[in-house]
Amino acid sequence: MEQIASWFREYLRREPRSQELYVWESHLARGGSLQDVQLQILSTPEFYYQADANDEVYIRRMFQLVVGRQPSQQEVFDWNRRLQDYNRLRPELAREFLEMAGAQAANPVRR
């Protein structure tokens, strides 16, 4: 639950409400994953509005918070195009983004 509370503080800039923690605790107890929680938080209108309801700012903010760096202009362009491919459905984009971030973390490129 501490990881979930941490995402609320970091991603949404607030403490989770007790009801939110209860819902996510129940989700995990039923076999749901932490990645499901992270995906849902990144997909919320609240997270999007904190990015000024701007797709490019939203993508940059995900990069900063999840990957820990600023994206290149090409990465912003590519992810924005993916968002359009998903008809602007942020959960679909966030799912793909988290998969990419997880793959990069598992196989870091040495420079």
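See the structure shown above.
Since this is a predicted model, take the numbers as computed values, not measurements.

Draft legend 1. Representation of the packing of aromatic side chains in the model. In total, this model carries 7 aromatic pairs according to the counting rule given. Where Trp-7 meets Tyr-11, the ring centres are 6.3 Å apart and the plane angle is 20°; that geometry is what we call stacked. Taken together, the positions of Trp-7 and Tyr-11, both in helix H1 (residues 2–11) and 4 residues apart, correspond to about one turn of that helix. Given the relative accessible area of 2%, Tyr-11 is considered buried. On the numbers, 6.1 Å between centres and 65° between planes, the contact of Tyr-11 with Phe-47 is edge-to-face. On the criterion of sequence distance, the pair formed by Tyr-11 in helix H1 and Phe-47 in helix H4 (residues 45–49) is long-range, its members being 36 residues apart. As far as the burial class goes, Tyr-11 and Phe-47 line up, both buried. By the ring-pair criterion, three or more aromatic residues cluster together here, those being Trp-7, Tyr-11, Phe-47, Tyr-48, Tyr-49 and Tyr-58.

Draft legend 2. Up close: helix H6 (residues 73–85). Its 13 residues give H6 an end-to-end C-alpha distance of 18 Å, which sits within 8% of 18 Å, the value for a rise of 1.5 Å per residue. Looking one or two residues past H6, Asn-87 carries a phi angle of roughly 55°, positive in sign.

Draft legend 3. View of the packing of H1 against helix H3 (residues 34–43). Where H1 contacts H3, the two axes come as close as 11 Å, and the packing angle between them is 20°. Relative to H3, the element H1 lies roughly parallel. In this structure, H1 meets H3 at a crossing whose hand is right-handed. For the pair formed by H1 and H3, the contact residues are Gln-3, Ile-4, Trp-7, Phe-8 and Tyr-11 on the first element and Leu-34, Val-37, Gln-38, Ile-41 and Leu-42 on the second. Of the residues assigned to the contact of H1 with H3, the class counts are 8 nonpolar, 2 polar and no charged.

Draft legend 4. Seen up close, the packing of H3 against helix H5 (residues 55–67). As a packed pair, H3 and H5 sit with axes 12 Å apart at the nearest point and diverge in direction by 145°. Relative to H5, the crossing made by H3 is right-handed. Facing H3, whose interface residues are Gln-38, Leu-42 and Ser-43, H5 presents Tyr-58, Met-62 and Val-66. Taken together, the residues of the contact of H3 with H5 sort by class into 4 nonpolar, 2 polar and no charged.

Basis of the calculations
- Residues numbered from 1 in each chain as written.
- Predicted model: local features only at pLDDT ≥ 70, side-chain atom pairs only at ≥ 80, totals over all residues.
- Heavy atoms only, no water.
- Phe/Tyr/Trp six-rings, centres within 6.5 Å; stacked < 30°, edge-to-face > 60°.
- Helix = DSSP H or I, 4+ residues; strand = E, 2+ residues; numbered from the N terminus.
- Buried < 20%, exposed > 50% of the residue type's maximum accessible area, 1.4 Å probe, protein only.
- Expected span 1.5 Å × (residues − 1).
- Axes fitted to C-alpha atoms, helices over the stretch in contact; angles between N-to-C directions.
- Parallel < 35°, antiparallel > 145°, perpendicular 65-115°, else oblique.
- Left-handed = near helix turned anticlockwise from the far one by under 90°.
- Contact = heavy atoms within 4.5 Å.
- Nonpolar A, V, L, I, M, F, W, Y, C, P; charged D, E, K, R; others polar.

Taken by themselves, the reported measurements are silent on function.
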